Structures are given as structure tokens and as C-alpha cells.
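What the coordinates show
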Amino acid sequence: MDKRQAIGSWLSGPRAAAEDAGVDFGYRGRQLGLPEEGPGSIARPGRRLGALAVDWGLCVLIAYGLITDGYGQATSNWALLLFFIMGVLTVGTVGFTPGKRLFGLRVVSLDTGTVNPLRALLRTALLCVAVPALIWDRDGRGLHDRLARTVEVRI
């Protein structure tokens, strides 16, 4: 290995270096038994962030218009509370929030397929903390999904 390959492997990260060495990681969701593409496959980060932005915007709009009657620190706090309530109620009952539905996503349990309300409570509480959602595994699942034993898939 010459110096350029060594530097290139460092810049591209350990996964790329391992793939160059012949390790086959497979596609996202393979370990979970999910398809590679189409309905039931792991949701991509762009769609997930888009759905999150729609849900957060909806909660801020409701807090701004109905609760605080103006924008300030209280609006953000109310928006977070509304985001938590919306997440627990909608994911715990139908499996998706309005933003997830708009982007064609659904949260499912790895065991049963439907999300238990207690799992939805745990998942949404960890999502509101934000740090667990920023830590991803090889399949692209956030720590909040791993702890709640759920996965976000395409519809």
C-alpha cells in the first residue's frame, strides 16, 4: 500500500477501507431481514429529516398560533411538548406522524410489526432528547430506534 492509498483510506473512513479489503457489509436492513429497495426497506436519511422538519414545523405553527400568540422561547418549549404528544399518539396508534405519512414512511416494531404505545413513548422521548437520534448504526437506525426495537421503513 503506498502513501496515497493509506491517506485515502483514512479520509474515506473505516467502512470504505474495509470494503476495499474485501469485507461485504451488504445493504442497509439486511441484518434485519428487510428488502433492499421498495416498500418495507429502511428509510433513507433525507426522507427521515424531511418528515422531521414537517412535524416540527407543524408543531411550531400550532404553538405559535394557538398557544403563545407570538414567537419566543415559550413557543419552542410548547412546540417540543406538542411534538412529544403528537409522536406518542400517532406513532403509538397508526405508526406514523403527519410528516412521516407525507414522505411515505412508517415506524414498525421488529417483533410484531405494530408499535406498542410504550415503545412509541420511549422512542419519542429519546427523539426529543435529540442525542440518541444522532447516533446511527450500520443499518441507519438511530439509537432511539434501537432501544425501542423499532425501525423506520418506506411504505
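It should be noted that the structure appears before, not after, this text.
Below is a short write-up of the structure.

In terms of helices and strands, the chain carries eight helices and two strands. In sequence order, the secondary structure elements of the chain are arranged as α-α-α-α-α-β-α-α-α-β. Once local pairs closer than 6 in sequence are excluded, the contacts in the chain between residues at least 24 apart make up 59%. Summing over all exposed atoms, the chain offers an accessible surface of approximately 9200 Å²; the carbon and sulfur share of this is 63%.

Another aspect to go through is the packing of aromatic side chains. Taken as a whole, this structure holds one aromatic pair when the rule is applied. Measuring from ring centre to ring centre gives 6.0 Å for Trp56 and Phe83, while their planes differ by 65°; the resulting arrangement is edge-to-face. Of this pair, Trp56 sits in helix H3 (residues 45–68) while Phe83 is found in helix H4 (residues 73–93), placing the two residues 27 residues apart along the sequence. On the accessibility criterion, Trp56 (34% relative accessible area) is partly exposed.

Cut-offs applied
- Residues numbered from 1 in each chain as written.
- Predicted model: local features only at pLDDT ≥ 70, side-chain atom pairs only at ≥ 80, totals over all residues.
- Heavy atoms only, no water.
- Helix = DSSP H or I, 4+ residues; strand = E, 2+ residues; numbered from the N terminus.
- Contact = heavy atoms within 4.5 Å.
- Areas by Shrake-Rupley, 256 points an atom, 1.4 Å probe, with all protein chains shown as cover.
- Phe/Tyr/Trp six-rings, centres within 6.5 Å; stacked < 30°, edge-to-face > 60°.
- Buried < 20%, exposed > 50% of the residue type's maximum accessible area, 1.4 Å probe, protein only.

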